[in-house]
Amino acid sequence: MSIVSLKFVAFAAILVAAYFLAPKRWQWKILLAASAVFYALNGIQSILFIAITIATQYCLGLALEKKNEAMAAEIEEKKPDARQKKEIRSRYSSSKKKYVVISLAVNFGLFLFLKYFDKAIGKANAWFGLGLKPLGILVPLGLSYYTFKAVGYVIDVYRGRIHAQKNIGKLALFVSYFPALVQGPIDRYEDVTGELFAEHEFDYRRFCFGMQRMLWGYMKKMIVAERAAVIIDMVQTGFAAQGYEGFTIFVAMALTWVRTYADFSGGMDIVIGFSEIFGIPMTENFRQPFFSKSMSEFWQRWHITLGAWMRTYVFYPLSLSSAFNKFGKACRKKIGDKYGKVIAPTIASFITFFLVGMWHGIGRAYLPNSLYNAALVASATLLEDVYANIKKRLHLRENSKAYRVFQSVRTFFLLIGSNCLILTKTPDMVGLIKAMFQRWNPWVFFDRSLYSLGLDQRNFFLLLWGIVIILFVDVLHERGIRIREAIARQNIIVRWAIYYGALFALIIFGMYGPDYDASSFVYEHF
Amino acid sequence: MREKVLAILKGVKGDVDYEKATKLIDDGILDSFDIISIVSDLNDEFDIDIMPDELEPENFNTLDAIVALVQSLQ
């Protein structure tokens, strides 16, 4: 069941009614049941795999909790000094580590198996002509999102940051909470479970806010993302036959990021808004990413929960590991403090970006792309002096508005570069990128040829207006203006005019209908 | 000790008012590279071992929080 379907709207309405009409102590159980139904409707066999994850993490969590309690008791009893305390901690942590290793092995083993086993068989057949039969595995919905959530949970118990969940039903709800299954966010246990398991009264204001946000998400997805997708598909599939070149391809490349943003953040608005109706705030996944001044900032504003997960559980532990520590010290000794201290984190960041790439899918394009991203992030520190020098010579004022705009545009161009790298995974696409660079044809912006890429003039302008509105809303958010609260302060006529306007815009301009199959979300496949 | 911590922070990233800032991490003032530099400097200066599980926003959002973290490990 797609969340962009009337079926989902009906499902959502029934669930909201059930949640608030039933006795409060049933509320979390209703969400669990709804998650199970939602999951079953998306492939009943997948329930087995998510159940394995839940059961494993439940047992490991409890085992770790027991060790934590024993450690706390020993510290309490012996009243050790700082050094002895450290010794006790390290003794326990080496015995606790094996549970984390089991968690990683089971969950990532399952993850790799489900995601790549059939692909690997296909490759083996193609290379060696083995004629092996693929298993026909259907990748479970939200596999990478729930796997990461569940693995993070066990590490947090290991670190003593949270207590293990003793009720397996509640843990199952945390792992499988269905709004987060479509495309995240990768919530952290401590951030959501307070409200997830709590009892909630119906709240009209919260209901309105949630509905508004859902409507906004549907508009982003159905008015903007789906339209942008038409042009992107047209250019990518037809560039050779149609002879698209230069700026025509560049427009499609730029639209790729627009589409991904409208699609992914629109999907987030839908699920976060929906969850808000219940009174369960989910973690935000975007913070106006296209206003980033640098690539490093972009990765803190785009797909925030994946970035935070990678930072907390991969980048930091790796950077602080004794091997990296020693290596870092050696670098500092050899080439001095300034540059020496960047080298070890750069390597750690490369490994992290590589894993982010693998999370998206194994392909040869992800190696250069992770190198590209890690290099850009590191260059900000490594080339700090050079940049400062250039700025001084050009008399650039860092705080001027123009310079800020320049930085955002530069980041956008760097992102298009990253896109080109990803596209090179298919040999055809190398041709596409060549065709983009081999011709300078700015007249395509004036001679109506952009209207022949699948969207007529009216639809093309609708797309442009949609982009302008999304940008405008982002500008308001960036300035700290809370739009929904501003709407709530208006009188009833203005408020309902806005609601109806948005709803009719969606009905009239949204791309859907009996002969139109709303494509699934880009990030649903991860 | 507070001065020493402040000096380390200034050394990693100079143009920040650490006395006033309350969301060094949440507002993205310090990025992950900065954190790694700060942690390795703190480890050397105070002869402590800051562990990955201590690298959470609440321990690095303010100067006071960082000082408290260092104190708790000494």
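Keep in mind that what you see is a predicted model, and the values were worked out from it rather than measured.

Visitor: Break down the environment of Y204 of chain A for me, citing the residues and quoting the values.
Guide: Residue placement: Y204 of chain A occurs in helix α8 (residues 204-242). Along the sequence, Y204 of chain A and I277 of chain A sit 73 residues apart, while their C-alpha atoms lie 8.7 Å from each other.

Visitor: Any details on the side chain of N285 of chain A? Residues and values, ideally.
Guide: Along the polypeptide, N285 of chain A turns up in the loop between α9 (246-278) and α10 (295-301). Not counting chain neighbours up to four residues away, the residues in contact with N285 of chain A comprise Q183, P185, F264, M268, R301, W302, H303, I304, T305 and L306 of chain A.

Visitor: How would you sum up the environment of A486 of chain A? Please name residues and give values.
Guide: Residue and element names in this part refer to chain A. If you trace the backbone, A486 turns up in helix α19 (residues 483-488). Taking relative accessible area as the criterion, A486 reaches 23% and is therefore assigned partly exposed. For the pair A486 and R287, spaced 199 residues apart in sequence, the C-alpha separation works out to 19 Å.

Visitor: Provide a residue-level description of helix α11 (residues 304-320) of chain A, including the pertinent values.
Guide: The principal kink in α11 of chain A, of about 45 degrees, is found at R311 of chain A. In terms of burial, α11 of chain A is largely enclosed, as 13 of its 17 residues are buried.

Visitor: Can you tell me about the interface of chain A and chain B, naming the residues and giving the values?
Guide: Facing the 25 residues of chain A at the interface are 22 residues of chain B. Close ionic contact of R161 of chain A with E56 of chain B constitutes a salt bridge, the shortest N to O distance being 3.8 Å. Remark: the boundary between chain A and chain B carries 5 residue pairs in polar contact (both at pLDDT 80 or more). For the side of chain A that touches chain B, the secondary structure elements donating two or more residues are α4 (82-128), α10, α11, α12 (322-335), α13 (337-360) and α14 (366-382) of chain A. Broken down by element, the side of chain A that touches chain B gets its largest block of residues, 7 residues, from α11 of chain A. Of the residues contributing to the side of chain A that touches chain B, the split by class is 9 nonpolar, 7 polar and 9 charged.

Visitor: Can you explain the nonpolar core? Please cite residues and give values.
Guide: Ranked by internal contacts, the top residues of the largest apolar core, which has 125 residues, are F8, F274 and F278 of chain A. When residues of this core are assigned to their parent elements, the largest contribution, 19 residues, is made by α9 of chain A. Among the nonpolar cores identified, the runner-up in size contains 36 residues, and Y316 of chain A together with F60, L69 and V70 of chain B belong to it.

Visitor: Can you lay out unusual backbone geometry for me, pointing to particular residues and giving the numbers?
Guide: Residue and element names in this part refer to chain A. In this chain, G184 is followed by P185 through a cis amide linkage whose omega measures 5 degrees. By the element assignment, P185 lies in the loop between α6 (168-176) and α7 (189-196). The phi torsion at Q288 lies on the positive side, around 40 degrees, for a residue other than glycine. Here Q288 shows up in the loop between α9 and α10.

Rules used throughout
- Residues numbered from 1 in each chain as written.
- Chains lettered and ligands numbered in written order.
- Predicted model: local features only at pLDDT ≥ 70, side-chain atom pairs only at ≥ 80, totals over all residues.
- Heavy atoms only, no water.
- Helix = DSSP H or I, 4+ residues; strand = E, 2+ residues; numbered from the N terminus.
- Contact = heavy atoms within 4.5 Å.
- Buried < 20%, exposed > 50% of the residue type's maximum accessible area, 1.4 Å probe, protein only.
- Bend = angle between axes of the 7 residues up to and from the residue.
- Salt bridge = Lys/Arg side-chain N within 4 Å of Asp/Glu carboxyl O.
- Polar contact = N/O pair within 3.5 Å; in protein donor to acceptor, adjacent residues only side chain to side chain.
- Nonpolar A, V, L, I, M, F, W, Y, C, P; charged D, E, K, R; others polar.
- Core = buried A, V, L, I, M, F, W, Y, C linked by side-chain atoms within 4.5 Å.

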